[in-house]
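# Tertiary structure, described
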Amino acid sequence: QVQLVESGGGLVQAGGSLRLSCVASGRIFSNVVTGWFRQAPGKEREFVAAIRWSDGNTRYVDSVKGRFTISRDNAKKTVYLQMNALKPEDTAVYYCAARLGVVLTTTRTMYDTWGQGTQVTVSS
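So, here's what we can say about the structure.

Reading the values: the criteria
Residues numbered from 1 in each chain as written. Predicted model: local features only at pLDDT ≥ 70, side-chain atom pairs only at ≥ 80, totals over all residues. Heavy atoms only, no water. Pairing = 2+ DSSP bridges. Helix = DSSP H or I, 4+ residues; strand = E, 2+ residues; numbered from the N terminus. Axes fitted to C-alpha atoms, helices over the stretch in contact; angles between N-to-C directions. Phe/Tyr/Trp six-rings, centres within 6.5 Å; stacked < 30°, edge-to-face > 60°. Buried < 20%, exposed > 50% of the residue type's maximum accessible area, 1.4 Å probe, protein only. Lys NZ or Arg CZ within 6 Å of the ring centre and 35° of its normal. Salt bridge = Lys/Arg side-chain N within 4 Å of Asp/Glu carboxyl O. Disulfide = S-S within 2.5 Å. Contact = heavy atoms within 4.5 Å. Polar contact = N/O pair within 3.5 Å; in protein donor to acceptor, adjacent residues only side chain to side chain.

For the rest of this paragraph, the subject is the sheet that holds strand E8 (residues 78–83). Read across the open sheet, the four strands follow the order E1-E3-E8-E7; overall the sheet is antiparallel. Two strands close off the open sheet at either side, each with one partner strand: strand E1 (3–7) and strand E7 (68–73). This sheet shows a mean twist of 15° between the axes of neighbouring strands, independent of strand direction. Pairing between E1 and strand E3 (residues 18–25): five bridges, direction antiparallel. Among the inter-strand pairings, Val 5 is bridged to a residue of E3, identified as Val 23.

Structure (structure tokens):
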């Protein structure tokens with residue numbers, strides 16, 4: 001069974017950058033999609049980005065397009081989320097999630113494996 005561990009969160013000023021990492025343990029099949037979600041206090045967990053392991057295709061929520069980049073390193077079984085031009089509204093706990101399949105779905109309930117989350121705080 002796949003387990004996911006996130007790292008890389010922290011405190012950064014508006015306009016700054018952070019890179020989150022999600023390391024997977026266990027066997028990664030080619031038909032796996034890994035996504036990043038985030039949850040701010042008092043809000044529902046929302047989709048941020050997703051990537052398909054087999055071909056690297058990606059999908060983003062509109063609010064992060066042009067600022068965030070999701071990528072993967074197959075050899076390291078790691079998915080990254082490079083976050084640039086951070087805004088205070090990006091403050092949240094960021095979660096890595098995985099699902100079997102090829103569709104880059106934004107639906108939280110379609111992902112069945114989750115990491116513990118990492119806090120990202122952007123100060124104004």
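So, about the packing of aromatic side chains. Using the criterion set out here, one finds five aromatic pairs in the structure. Measuring from ring centre to ring centre gives 5.1 Å for Phe 37 and Trp 114, while their planes differ by 55°; the resulting arrangement is tilted. Linking Phe 37 in strand E4 (residues 32–39) with Trp 114 in strand E10 (residues 113–114), this pair joins segments that are 77 residues apart in sequence. Taking 6.4 Å as the distance between ring centres and 75° as the angle between the ring planes, the aromatic pair formed by Tyr 95 and Trp 114 counts as edge-to-face. Residue Tyr 95 is found in strand E9 (residues 92–100), and its partner Trp 114 is found in strand E10; the two are separated by 19 residues along the sequence. Since its relative accessible area comes to 26%, Trp 114 is described here as partly exposed. Of the aromatic side chains, those joined through ring pairs into one cluster are Phe 37, Phe 47, Tyr 95, Tyr 111 and Trp 114. Over the face of the ring belonging to Tyr 95 we find Arg 45, whose NZ or CZ atom lies 3.6 Å from the ring centre. Geometry around Trp 114 places Arg 45 over its ring, the cationic atom sitting 5.0 Å from the centre.

Here the focus is the pattern of salt bridges. Tallying each qualifying case throughout the model produces five salt bridges. Among the salt bridges present, the one from Glu 46 reaches Arg 38, with a minimum N-O distance of 2.6 Å. Notably, a salt bridge pairs Asp 90 with Arg 67, separated by 2.8 Å at the nearest N-O pair. Note that Asp 90 is positioned in the loop between E8 and E9 and Arg 67 in the loop between strand E6 (58–60) and E7, a separation of 23 residues in sequence. Residues Asp 90 and Arg 67 agree in their burial class; the two are buried.

Turning our attention to the state of the cysteines. Under the definition given, this model contains one disulfide. The disulfide that involves Cys 22 links it to Cys 96, with 2.0 Å between the sulfurs. Of note, the bridge from Cys 22 to Cys 96 carries an S-S torsion of about -75° and is left-handed in sense. Taken as a pair, Cys 22 in strand E3 and Cys 96 in strand E9 lie far apart in primary sequence, 74 residues in all.

Okay, the environment of Gln 119 next. Along the polypeptide, Gln 119 turns up in strand E11 (residues 118–123). On the accessibility criterion, Gln 119 (41% relative accessible area) is partly exposed. Ignoring sequence-local partners within four residues, the contact set of Gln 119 consists of Gly 9, Gly 10, Thr 91, Ala 92 and Val 93. At 3.4 Å, the side chain of Gln 119 forms a polar contact with the backbone oxygen of Ala 92. A distance of 3.3 Å separates the side chain of Gln 119 from the side chain of Thr 121, its partner in a polar contact.

Taken by themselves, the reported measurements are silent on function.
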